[in-house]
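# What the coordinates show
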Amino acid sequence: MRKMATFAVAMKALDQKIIDKYNVPVPRYTSYPPANYFTEYNEDGYKRAISQSNSALDNNISFYIHFPYCPRLCHYCACNSYSMPAGDASSKYIATLHKELDMIVPMISRGRKVSQIHYGGGTPTAMPTSAIKELNDHIFSNFETIDRPEVAIECHPGYLGETQWHELADAGFTRMSIGVQDMNLEVLKTVNRKPSLMPLGEVFDILRSRKIRINLDFLYGLPKQTPESFLATIENAIALGPDRLVTFSYAHVPWLKKAQTLLEKAGLPSPETKEQMFETAAQALANAGYVRVGMDHFVKPTDELYEALQCHKLHRNFQGYCTRRTTAQVYALGVTGISQLETAYIQNTKDIAEYIATVDDGKSPVKKGHTLTADEQHTRGIIEQLMCNYHVELPHVDYEKYKSKLLEMEADGIVKIDGDTIIMTQEGTPFVRNVAAALDPLMANSKKSFSKPI
C-alpha cells in the first residue's frame, strides 16, 4: 500500500526538464514489433503461423472477436469502429464471424484448451445478446476450457438495460469491462459519449449477483476534464468497489483519426494538467487499497494480476494484461482483428465488405502482418518483460549494446541498474515506453508516428 501511495506523487520527484525530455512520441508496445510495422501478408503465411502455434510453449487458445459497429461514434476513439448500419448488415457480419471461426477450428490441434475469450470493438454489446451467446457456444462446442477461463467483453453502459445485463451474464462471461470513460455529463457530451442507461450501482448489483468480475474503464486527458473533476469521477468509482479500475491515457492521433480534431477545438488539457489528473487519481486509488499493475490498471491486492506482478510473471497481449495462467496464442475474428501467434502477427482486412466477401469465398481475410525473426522474438521477450513487470534481466551482450542509453536514463532517475538487471524507478514508471524504445533496434532510424506517454 505504501509503495503505491509513493507512486501517486512519483512524477513530482522528477525535474520538469526530465519530464519534458521523455514526454516524446514512442510506441505503446502492445505488440512487438508495433502494428505500424506490419506489411502485406497472405493466407499461406497465416496457415503456416497457425500450424506453428500448435507447438508453441504457451499453448492455450485465446479468441479475440471484433465487432466494428457503434450506435454512436465517440470523438476521442482511435479504435477500428464504424457507425451502425441500417438493415441486416450487422447480422451478415455476425454470420461471417461464425464462418471464419469454422475455417480456423480445423487448423488448431485437438486437445488444446481455451483460456481466454475477449470481445472488443467498436461496441460489441451492440450485438444482440442472443448472437453473443451463440458465438460463445460455438467456441465452447469445439474446445474445452482451462479451469477458470477469462471470458470478457467490453460493455458500453449507455445502451444496456436490466434485461441485457442479465442476458450477457447468461452468455458465459466471467468478466465485464464497462467503458464509463467519465462520470461528468459535460465531459461525455463534449466527446459525444452516451452516459450509462442505468445507475452503475444497479448494474453492479446485477453482475455481483451473477458472480461476474467487473472492470471500470476511464479515459483522462479529454476536454472539460480537470484534476478535480476527474478525481470526483474516480472517487465515485471507488465507492462502487470494482475488481479492477483502468485509467487509460487519451492518445491524441488526429493524423489517424480526424474526428479527434473536434477535441482540439473544444480544448485539450495541457500535459501538466493531464499528468496531475493521473497523480490525483492514483493517490485516491492507493488510499482506497488498490495497487497499480502495468501502465494503467489498478487492482485489489488479492487480484491474480498483482500476484503475477509480484513474481515478475505478468504478461500482456492486445486484449490487455493477463497472467501466465491465461496466456495463450490469440486467434482473431472479424475486421481489423490481429492474431498474435508465436511466430507472427496477422491482421484481417479493415474493409467490412471485403471481409464478408472473402470469408464467403472460403478464404482467410488476412491483409497485413509480420513474421518475427529470431532476433525480434528475443527483443519481444525483453520488451514484454519490462513493460509488464518494470523489471528485466538483460543478457550481457544486450546490456553492453544499450549501456550508454541506460546509464543516461539512470542518471535521469528513470531506471536503476543492478548488474545487467534494469528496474524502473517509481518516479520513472510513466516512461517505461521510453526505456522499451531505447532497447528496440527498430527505433534507431524510425520515421513512424506514435503518441506521447503523457
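As a reminder, the structure under discussion sits directly above these lines.
Since this is a predicted model, take the numbers as computed values, not measurements. (Residues numbered from 1 in each chain as written. Predicted model: local features only at pLDDT ≥ 70, side-chain atom pairs only at ≥ 80, totals over all residues. Heavy atoms only, no water.)

Only one face of strand 19 (residues 415-418) is covered, namely the face carrying Val415 and Ile417; the face carrying Lys416 and Asp418 is uncovered. As judged from the four bridges shared by strand 19 and strand 20 (residues 421-424), these two strands associate in the antiparallel manner. Residue isoleucine 417 lies in a different strand from strand 20, and its bridge partner there is isoleucine 422. Between strand 19 and strand 20, which pair antiparallel in sequence order, lie two residues; one of them, glycine 419, sits at a positive phi of approximately 65°. (Buried < 20%, exposed > 50% of the residue type's maximum accessible area, 1.4 Å probe, protein only. Helix = DSSP H or I, 4+ residues; strand = E, 2+ residues; numbered from the N terminus. Pairing = 2+ DSSP bridges.)

Taken N-terminus to C-terminus, the directions of helix 4 (residues 89-104) and helix 5 (residues 129-140) make an angle of 5°; their axes are 11 Å apart at the nearest point. Considering the angle they form, helix 4 stands roughly parallel to helix 5. Mapping the contact onto sequence places Ile94, Leu97, His98, Leu101 and Asp102 in helix 4 and Ala131, Glu134, Leu135, His138 and Ile139 in helix 5. Counted by class, the contact of helix 4 with helix 5 contains six nonpolar, two polar and two charged residues. (Axes fitted to C-alpha atoms, helices over the stretch in contact; angles between N-to-C directions. Parallel < 35°, antiparallel > 145°, perpendicular 65-115°, else oblique. Contact = heavy atoms within 4.5 Å. Nonpolar A, V, L, I, M, F, W, Y, C, P; charged D, E, K, R; others polar.)

Our next topic: the packing of helix 4 against helix 13 (residues 352-360). As a packed pair, helix 4 and helix 13 sit with axes 9 Å apart at the nearest point and diverge in direction by 45°. By the criterion of interaxial angle, the relationship of helix 4 to helix 13 is oblique. Here helix 4 and helix 13 pass one another in a crossing that is left-handed. For the pair helix 4 and helix 13, the contacting residues are Lys92, Tyr93, Thr96, Leu97, Lys99, Glu100 and Met103 in the first and Ile352, Tyr355, Ile356, Val359 and Asp360 in the second. (Left-handed = near helix turned anticlockwise from the far one by under 90°.)

Let's shift gears to the sheet that holds strand 18 (residues 391-393). On the basis of which strands lie adjacent, the open sheet formed by three strands has the order 18-20-19 and antiparallel pairing. In the strand order of this sheet, the two ends are held by strand 18 and strand 19, each with one partner. Within this sheet the neighbouring strands show an average axis-to-axis angle of 15°, counted without direction. Sitting on the sheet, helix 14 (residues 374-389) is in contact with strand 18 and strand 20, with an inclination near 150° to strand 18. Most of the contacts of helix 15 (residues 396-411) go to strand 19, to which it runs at about 135°, and overall it touches strand 19 and strand 20.

So, about helix 9 (residues 227-240). For helix 9, with 14 residues, the first-to-last C-alpha span of 20 Å sits near the 20 Å given by 1.5 Å per residue. Here helix 9 has its buried residues at Pro227, Ser229, Phe230, Thr233, Ile234, Ala237 and Ile238. Turning to helix 9, the residues buried within the fold contact strand 7 (175-181), strand 8 (213-220), strand 9 (244-249) and helix 11 (271-287). (Expected span 1.5 Å × (residues − 1).)

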